[in-house]
Amino acid sequence: MLPNEKKIYTYRDYLAWEGEDKLEIIEGVPYLQASPGREHQRVSMNLSLLLGSYFRDRDCEVYAAPFDVLLLAPGESEEDCTNVVQPDLLVVCDQTKLDERGCKGSPDLVVEILSPSTASIDYIKKMALYEKYGVKEYWIVSPKSRTVQIFALVDAHFNEPDTFALGETVSSRLFSALAFPVKEIFR
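So, here's what we can say about the structure. (Residues numbered from 1 in each chain as written. Predicted model: local features only at pLDDT ≥ 70, side-chain atom pairs only at ≥ 80, totals over all residues. Heavy atoms only, no water.)

Next up on the list: the pairing of strand 9 (residues 109-113). Of all five residues making up strand 9, five are buried, and the element is well covered by its neighbours. Side chains of strand 9 alternate between two faces, with Leu109, Val111 and Ile113 and Val110 and Glu112 buried alike. In the sheet, strand 6 (residues 89-92) pairs with strand 9 via three bridges, with the strands oriented antiparallel. Opposite Leu90, over in strand 9, you have Val110 as the bridge partner. Across five bridges, strand 9 lies against strand 10 (residues 137-142) in parallel orientation. Counted as the bridge partner of Leu109 is Glu137 from strand 10. (Buried < 20%, exposed > 50% of the residue type's maximum accessible area, 1.4 Å probe, protein only. Helix = DSSP H or I, 4+ residues; strand = E, 2+ residues; numbered from the N terminus. Pairing = 2+ DSSP bridges.)

As used in these notes, a disulfide is a covalent bond between sulfur atoms, one from each of two cysteines. In total, this model carries one disulfide according to the counting rule given. Covalent S-S linkage joins Cys60 and Cys93, the inter-sulfur distance amounting to 2.0 Å. Residues Cys60 and Cys93 are joined by a disulfide whose S-S torsion is about 100°; by sign, that bridge is right-handed. Linking Cys60 in the loop between helix 2 (38-55) and strand 3 (61-64) with Cys93 in the loop between strand 6 and strand 7 (98-99), this pair joins segments that are 33 residues apart in sequence. The class of Cys60 is buried, set by a relative accessible area of 11%. Unpaired in terms of disulfides, Cys81 finds its nearest cysteine sulfur in Cys103, a separation of 11 Å. Among the cysteines around Cys103, which has no disulfide bond, Cys93 carries the closest sulfur, lying 10 Å off. (Disulfide = S-S within 2.5 Å.)

A word on the nonpolar core. Generally speaking, nonpolar side chains in soluble globular proteins are found buried as a group. Counting residues in hydrophobic clusters, the biggest one holds 23 residues, and the most contacted among them are Leu47, Val111, Trp139, Val141, Val170 and Ile185. Looking at this core, the elements with two or more residues in it are helix 2, strand 6, strand 9, strand 10 and strand 11 (147-154). Contacts of Val111, omitting those with residues within four sequence positions, involve Leu47, Leu51, Pro87, Asp88, Leu89, Trp139 and Val141. Of all hydrophobic cores here, the second largest spans 22 residues; its members include Ile121, Tyr130, Tyr138 and Phe151. (Core = buried A, V, L, I, M, F, W, Y, C linked by side-chain atoms within 4.5 Å. Contact = heavy atoms within 4.5 Å.)

What follows concerns the packing of aromatic side chains. In this structure the tally under the stated criterion is eleven aromatic pairs. Centre to centre, the rings of Phe55 and Phe175 are 4.9 Å apart; their planes meet at 85°, and the pair counts as edge-to-face. Within this pair, whereas Phe55 is found in helix 2, its partner Phe175 is found in the loop between strand 14 (169-171) and strand 15 (179-181), the two being separated by 120 residues in sequence. Across this residue pair, the class does not change: Phe55 and Phe175 are buried. Put simply, the rings of Tyr9, Tyr11, Tyr14 and Trp17 pair up and form one aromatic cluster. We note Arg58 situated over the ring of Tyr54; from NZ or CZ to the ring centre the distance is 3.8 Å. (Phe/Tyr/Trp six-rings, centres within 6.5 Å; stacked < 30°, edge-to-face > 60°. Lys NZ or Arg CZ within 6 Å of the ring centre and 35° of its normal.)

What follows is about helix 3 (residues 119-132). The end-to-end C-alpha distance of helix 3 is 19 Å, a good match for the 20 Å that 14 residues give at a rise of 1.5 Å each. Taken together, the buried positions of helix 3 are Ile121, Asp122, Lys126, Met127, Leu129 and Tyr130. (Expected span 1.5 Å × (residues − 1).)

It is worth spelling out the environment of Glu39 at this point. Within the fold, Glu39 resides in helix 2. Spatially, the C-alpha atoms of Glu39 and Phe186 are 8.7 Å apart, while their sequence positions differ by 147 residues. Dropping the residues within four chain positions of it, Glu39 is found in contact with Pro143 and Arg146.

Structure, rendered in C-alpha cells:
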C-alpha cells in the first residue's frame, strides 16, 4: 500500500510498511521506485564488481540496493528520521555507521543509475539531499548516454561534475587510485 503523500513520514512508518515495493522517503515524502530494468541491473552488476574489486582489501565496504541509508539530521533519532534512501550502490568507510539494517549517516560515495522514471529524483531531490548530508562523492550513471558524472563535495557543495564517456577512464577524486575504463561499466 502506497502511503498518503500529504503526511510527513519517518523511518518508523517505513519499517511498518508491508509489501515488496521499493519505497524511499525524502524530507518526509514517500517515493515509490519502479523495479529496475535489465540494462540498469547489468550496469549495477558491472559497477558492483568494479567497486568491489577496488575496495576488497581496503577499509571501506560496498553495498548494493536494496540497502537502507538513513540520513539523520543533528539530534534526530533513527525512528524519527525523515530521509531513508536506497542508493543503487554505496561505499561506506566508517564502520560505526553500519548495522544489520543498513547505514546510519552519509556514505562516502553514492552511485545512482538513471532510469527514465528516476532521473529527475536522482538529479534534483537526491542530489540536494546527498549534498545537504555530506556525501563526499556522488556518481550519476546514464545507461542511455553511456556516461558517468562525478560530483565531489567541496566546501559543503557539489562541484560541477567531471563527466566521463566511452573511450575515457572514470577516475574518482575521493579515492585517487579508483579508476577504470567507462566501457567496463556498460559491457
